[in-house]
Amino acid sequence: MLRLKNTFSIERDISGCGLCGIINIKKVKINGENIKRAIALEHDRGNGLGGGFAVYGAYPDYASLYAFHIMYDDIAAKNNVEEYLKKNFVIEKNEPIPVLKISKILDHPILYRYFMKPKSDREDRLFHDLKDDDFVVRSVMVINSQYDGAYVFSSGKNMGVFKGVGYPEDIADFYMLDDIEGYMWTAHNRFPTNTPGWWGGAHPFTLLDWSIVHNGEISSYGINKRYLEMFKYSLSLKTDTEVITYILDLLIRKHGLTIELATNILAAPFYQTIEKMDPPKRELFTALRQIYGSALLNGPFAIIFGFSDGMVAMNDRIKLRPLVAATKGDFTYIASEEASIMEMCPSPDIVWSPKAGEPVIVRTENVKAKNIVQKEEMVSL
Amino acid sequence: MTKSSFSNIQPEFLALIDDTKCVRCKRCIQNCGWGTYSFGGDKIIADHYKCVACGRCYTYCPEDAISVVKNPTVMRENANWHDYHIKNIWKQSEISGIIISGMGTPLKYKKYFDHMLLDACQVTNPSIDPLREPMELRTFLGKKPSKLELDFTEDGEPILKNPMPPQIELQTPFIFAPMSYGSISLNAQKAMALAAKALGIVMNIGEGGLHDDLVPFGKHIIVQVASGRFGVHRDYLNSGIAVEIKIGQGAKPGIGGHLPGEKIGMDISRTRMIPLGTDAISPAPHHDIYSIEDLRQLIFAIKEATDYKKPVSVKVAAVHNIAAIVSGIVRAGADIVYIDGFTGGTGAAPAIVRDNTGIPIELALAQVDERLRQEGIRNEASLIAAGSIRSSADAVKAIALGADAVAIGTAALVVMGCHVCGKCHTGNCSWGITTQRSELVRRLDPEVYGERLYNLITAWSHEIMEVLGSMGVNSIESLRGSRERLRGVELTDSELQVLGIKHAGL
């Protein structure tokens, strides 16, 4: 049975997974073929119940517009959501997402994409004055939680998510990713244990141009969720990955923290480490734990999160999930298994396993980086 | 009324002495604070009427010759007219007056902690071995900003823009509940002070002022300001790590306190700053707090007096509308809210209030935490839950419901020998805990019981670490408020809804 939303009678989705990522810091674009091969190699890390990709730089012609990818269960849902969109957005273009009918993806929802921006005279202006980004976030929450049979799975600018139920290599063929180009790709192969056939449950998860692929189970989900609800996030999907996406959105976009600090909240250093820091840093890190203790992601995870200017890969604070990184020239590769990296790049310059809780942060070059403390503790071959 | 000494009430317990074992050492006579025993020429005689089953005599009998048993003489069983009611009627008809009792209610109410079960990891996420991996229990009590404000140094390094509001750092999420000098002995307070210092936690000295001997433990002491304002002066407010305004107590919400004049000896008179031999009366309300805006004034008066360097806590009893009350307290500027549940202990309270007023801590805590989150102010204050935390399991469940830390009072007294006989108000405690009689107080060695308190809290902390590990988290903040890790058994839909948890199996 086809489902967009998590209507299973569970509090949340649990899954194991495989993941991959490629980024070129000069924003040189490549098509989806490489990453498809890499994630295909991790075939056994999934069970055919979810695969997906995020591509950055996919829509250069509409780079200034929000690209919404929406799945619909039926025409009625599509009509309802489009009514909302027309009321609130200037829609430059809408079209079905091009797909190739292949034997392995038989059953799929209606897949549509919209390039648009919020109207300046939209109705909600009457009672508050949200910035465009905030309004888009709110719209995503509204559609995902209040509109039956509709689910926004991508809402960023010049980027797109392509995902569904199936093995990732089949999903890649279904969406014809060989024809799409981007400077950054992430991919995911899913092994859910209790939510079969749920299109919305595939990764990546996105909000604006944040995208997350995630392997793991957040044992602190309960409090992370309640913490986010305090900031009016609605967690309609009941997945760990949704929690991570929203925490990042809160910390980086809303609270204005640096990515480095945000990663030190997700995988907070232990007090025994903090105690050894110099006084100003110790104070800062103690405050981070005091203020953001409820945002600590506890339990096993490996994640790759992408944003338009870069990519971050990291593990939980005691490294309970695999994560390998490598570089070759302007390319950085991340994967759950070293073999996947070799599939994309047979002779990398360096390959290393990032330490527990230590992020690999890669930024594209045209961005003037503020305060990068690039973790250079790389273990070379 | 000629036979005024005649009573319908039979002794509740029988203190039986095996004369063949007894060596007539008379240790029981010496140990009993109640005067149960006397020497009858060739053997020990017990006045059963005086026995409260505090357990002191048989614990210290070298020959194990004493057994205290429930009086087997039956009252005719009646599920409606229970002995509790019948005996109370007799008592009140004989002497009139309000029935006073010590400790929390002994009546059988539903204990919600006993209807909640914990989660653990299987397959999809690994559990963590606390003996091999770090496991963090460190807890900070105090106001937290909702977001971090950053500045950057010239090198672009981020630093704190504003210093954090004052916090109480606890190495493990326990504190010793407020018990005043007067209601308990100085030695009992000293035992807790020694343990708190060794454990890196804090004790609360209650409303009876700060004895000179405890001043050196200031970093581990919360000083209290209650309606009687005993011993309160500027140095007092600054001598601890935090100040607590006591509004109410779980065992007696809405009721003040009364320490009779005969208990006000030199030392207590000095510490409480009241004349020798006068009654120490804590009015039911603070007479300068008749509403929430008055509370705000007192909170800020204390903050002014302490130069904004000490967190201010407000202690309230869990009553029906507790969620809204606590929300108001937080908005009034409290940094910590201490919620004392229905079953909480006391040195003395009218039994009618103790046994009938208030609501259980589990329900109160769940509602308060949820309400503060709905209002987006949960970060503004830390929550301490109290009201008969009997085990580390209770503590874990309270924390999962949303408490930052738990306070233990009765459990700490049990460490010191308390058998929960409920006669604290008489001042005859054979264990030297709730008495000021020097011959009784002397027997409570602060170092011995300080060490046992240390042992207990250390053991409970290890147990919490085990549970955290089994849940696959390595820090207490990942359990705090994580109700997803709790499931209810034998609870109604309403109870589950109030607790914010799901029934087991779902």
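Residues numbered from 1 in each chain as written. Chains lettered and ligands numbered in written order. Predicted model: local features only at pLDDT ≥ 70, side-chain atom pairs only at ≥ 80, totals over all residues. Heavy atoms only, no water.

**Things to note about the overall build of chain B**
Basically, it comes down to this: Helix and strand assignments follow DSSP, with helices taken as H or I runs no shorter than four residues and strands as E runs no shorter than two, numbered in order from the N terminus. Put simply, the radius of gyration uses C-alpha atoms, and a globule should come to 2.2 Å times the residue count raised to 0.38. Each residue is placed in one exposure class: buried if its accessible area under a 1.4 Å probe, protein chains only, is under 20% of its type's maximum, exposed if it is over 50%, and partly exposed if it falls in between. The Shrake-Rupley method, run with a 1.4 Å probe sphere, supplies the accessible areas, and residue values consider only the shown protein chains as cover. Charged-residue counts in this description rest on Lys and Arg as positive and Asp and Glu as negative, His and the chain ends being excluded. Where a charge sits is defined by one atom per residue type, namely NZ (Lys), CZ (Arg), CG (Asp) or CD (Glu).
Looking only at helices and strands, chain B has 15 helices and 23 strands in total. For chain B, whose C-alpha radius of gyration is 24 Å, the value lies close to the compact-globule estimate of 23 Å for 506 residues. Each of the three principal axes of chain B carries a C-alpha extent, and together these read 90 × 60 × 40 Å. Residue burial in chain B is summarised as follows: out of 506 residues, 54% are buried. For chain B, the accessible area works out to roughly 22,100 Å², and carbon and sulfur atoms hold 53% of it. Taken together, the 53 basic and 55 acidic charged side chains of chain B have centroids lying 5 Å from each other.

**Points about empty space enclosed by the protein**
Rules: Space inside and on the surface of the protein is sampled on a 1 Å grid over the protein atoms alone, with a cavity defined as a set of points where a 1.4 Å probe fits but cannot get out and a pocket as an open set with protein on both sides within 12 Å along at least 5 of 7 lines; lining residues have an atom within 4 Å of a point. Grid points are joined across faces, edges and corners, and a volume is the space filled by probe spheres set on the points. Any residue that is not Ala, Val, Leu, Ile, Met, Phe, Trp, Tyr, Cys, Pro, Asp, Glu, Lys or Arg is counted as polar, Gly included; the first ten are nonpolar and the last four charged.
By the definition in use, this model includes nine cavities of 30 Å³ or more. In this structure, the largest cavity encloses a volume near 370 Å³. Looking at the largest cavity, it is lined by 24 residues, and the ones nearest its centre are Gln290(A), Ile291(A), Ser294(A), Lys144(B) and Asp404(B). The dominant element in the lining of the largest cavity, judged by the number of residues it contributes, is helix H9 (residues 279-292) of chain A, at three residues. A class-by-class count of the residues in the lining of the largest cavity yields eight nonpolar, eight polar and eight charged. Taken as a whole, the second largest cavity spans an internal volume of roughly 120 Å³. Cys418(B), Cys421(B), Cys424(B), Cys429(B) and Thr434(B) are, among the 16 residues lining the second largest cavity, the residues nearest its centre.

**Observations regarding the sheet that holds strand S18 (residues 360-363) of chain A**
Residues and elements named next belong to chain A. Note the following rule: Strands qualify as paired when DSSP identifies two bridges or more between them. Fitted lines through C-alpha atoms serve as axes, helices being fitted only where they are in contact, and the angles separating the N-to-C directions of these axes extend from 0 to 180 degrees.
Across the sheet, five strands lie side by side as S11-S12-S13-S14-S18; this open sheet has antiparallel pairing. Looking along the sheet, the strands with just one partner apiece sit at the ends: strand S11 (205-207) and S18. For this sheet, the mean inter-axis angle between neighbouring strands, taken without regard to orientation, is 15 degrees. Bridge count for strand S13 (residues 301-307) against strand S14 (residues 310-315) is six bridges, and the pairing is antiparallel. Counterpart to Phe-305 in the pairing with S14 is Val-312.

**Structural notes on the interface of chain A and chain B**
To keep things clear, this is the line we draw: Contacts were defined at the residue level, with two residues in contact if any of their heavy atoms lie within 4.5 Å. Buried area adds together the accessible area that both of two parts lose upon being put together, with accessible area traced by a 1.4 Å probe. What counts as a salt bridge is simple: a side-chain nitrogen of Lys or Arg found within 4 Å of a carboxyl oxygen of Asp or Glu. We define a polar contact as two N or O atoms separated by no more than 3.5 Å, with the added condition that, inside protein, one atom must be a possible hydrogen donor and the other a possible acceptor, whereas residues neighbouring each other in sequence contribute only through side-chain atom pairs.
Taken together, the 45 residues of chain A in the interface contact 46 residues of chain B. For the pair chain A and chain B, the two sides together bury roughly 3,700 Å², of which 57% comes from carbon and sulfur. On the chain A side of the contact with chain B, Arg226(A), Met230(A) and Gln290(A) bury the most area, a combined 19% of that side's loss. If you look at where chain A meets chain B, you find six salt bridges. At the junction of chain A and chain B, the tally comes to 19 residue pairs in polar contact (both at pLDDT 80 or more). Of all the elements in the fold, those that place two or more residues in the side of chain A that touches chain B are helix H5 (221-230), helix H8 (271-274) and H9 of chain A. The element best represented in the side of chain A that touches chain B is H9(A), accounting for ten residues. Among the residues making up the side of chain A that touches chain B, the classes are represented as 20 nonpolar, 13 polar and twelve charged.

**Description of the sheet that holds strand S6 (residues 116-118) of chain B**
Residue and element names in this part refer to chain B. If you walk across this open sheet you meet the three strands as S6-S22-S23, and the pairing is mixed. At either margin of the open sheet sits one strand with a lone partner, and together these are S6 and strand S23 (502-503). In the sheet, S6 pairs with strand S22 (residues 486-488) via three bridges, with the strands oriented antiparallel. Pairing of Leu-118 across the sheet is with Leu-486, part of S22.

**Focus on the pattern of salt bridges**
One pass over the structure, following the stated rule, counts 50 salt bridges over all chains. One salt bridge connects Arg122(A) with Asp124(A), and the closest N-O pair in it is separated by 2.7 Å. Judged by relative accessible area, Arg122(A) falls into the buried class, the value being 2%. A salt bridge links Arg437(B) to Glu439(B); its shortest N-O distance comes to 3.1 Å. Overall, the relative accessible area of 36% leaves Glu439(B) in the partly exposed class.

**Examining the domain arrangement of chain B**
All names here are of chain B. We count it as follows: Each domain's extent was defined by an automatic or database domain assignment.
Examined at the domain level, chain B breaks down into domain 1 (13-97) and domain 2 (139-503). Taking only C-alpha atoms, the centre of domain 1 and the centre of domain 2 are 35 Å apart. Listed by partner, the interface residues are 14 residues for domain 1 and 13 residues for domain 2. Both sides together, the interface formed by domain 1 and domain 2 hides about 1,100 Å², and carbon and sulfur atoms give 52% of it. The tally of links from domain 1 across to domain 2 stands at zero salt bridges.

**Some points on the packing of H5(A) against helix H10 (residues 361-374) of chain B**
Keep this limit in mind: An angle below 35 degrees is read as roughly parallel, one above 145 as roughly antiparallel, one from 65 to 115 as roughly perpendicular, and any other as oblique.
Taken N-terminus to C-terminus, the directions of H5(A) and H10(B) make an angle of 45 degrees; their axes are 8 Å apart at the nearest point. Taken together, the axis directions place H5(A) and H10(B) in an arrangement best described as oblique. For the pair formed by H5(A) and H10(B), the contact residues are Ile223(A), Arg226(A), Tyr227(A) and Met230(A) on the first element and Asp369(B), Glu370(B) and Arg373(B) on the second. Its residues assigned to classes, the contact of H5(A) with H10(B) comprises three nonpolar, no polar and four charged.

**Quick word on the confidence of the model for chain A**
The condition is simple: Every residue carries a pLDDT, the predictor's confidence in it, which falls somewhere between 0 and 100.
Put simply, chain A has an average pLDDT of 88, and 90% of its residues get 70 or more. Confidence drops under a pLDDT of 50 for residues 368-381 of chain A, and excluding neighbours within four residues, the segment shows 25 contacts in the predicted structure.

**Some thoughts on unusual backbone geometry**
All names here are of chain A. Along the chain, His-203 connects to Pro-204 via a cis peptide bond; the corresponding omega equals 0 degrees. Of note in this structure, Lys-319 is not a glycine but carries a positive phi near 50 degrees. Turning to its location among the elements, Lys-319 is positioned in the loop between S14 and strand S15 (324-328). By relative accessible area, which is 26% here, Lys-319 ends up partly exposed.

**Concerning the pairing of strand S14 (residues 242-246) of chain B**
Residues and elements named next belong to chain B. Cut-off, in case you're wondering: By convention, a crossover is right-handed whenever its connection, traced from the first strand over the helix to the second and viewed with the strands pointing away, goes clockwise.
A large share of S14 lies buried, amounting to five of its five residues. Alternating positions in S14 separate into two faces, Ala-242, Glu-244 and Lys-246 on one and Val-243 and Ile-245 on the other, with burial throughout. Pairing analysis gives four bridges linking strand S13 (residues 221-225) to S14, with the strands arranged parallel. Considered in S14, the bridge of Val-223 is made with Val-243. Note that the unit made of S13, helix H5 (residues 234-239) and S14 has a crossover that is right-handed. Across four bridges, S14 lies against strand S17 (residues 312-317) in parallel orientation. Along S17, the bridge assignment pairs Lys-246 with Lys-315.

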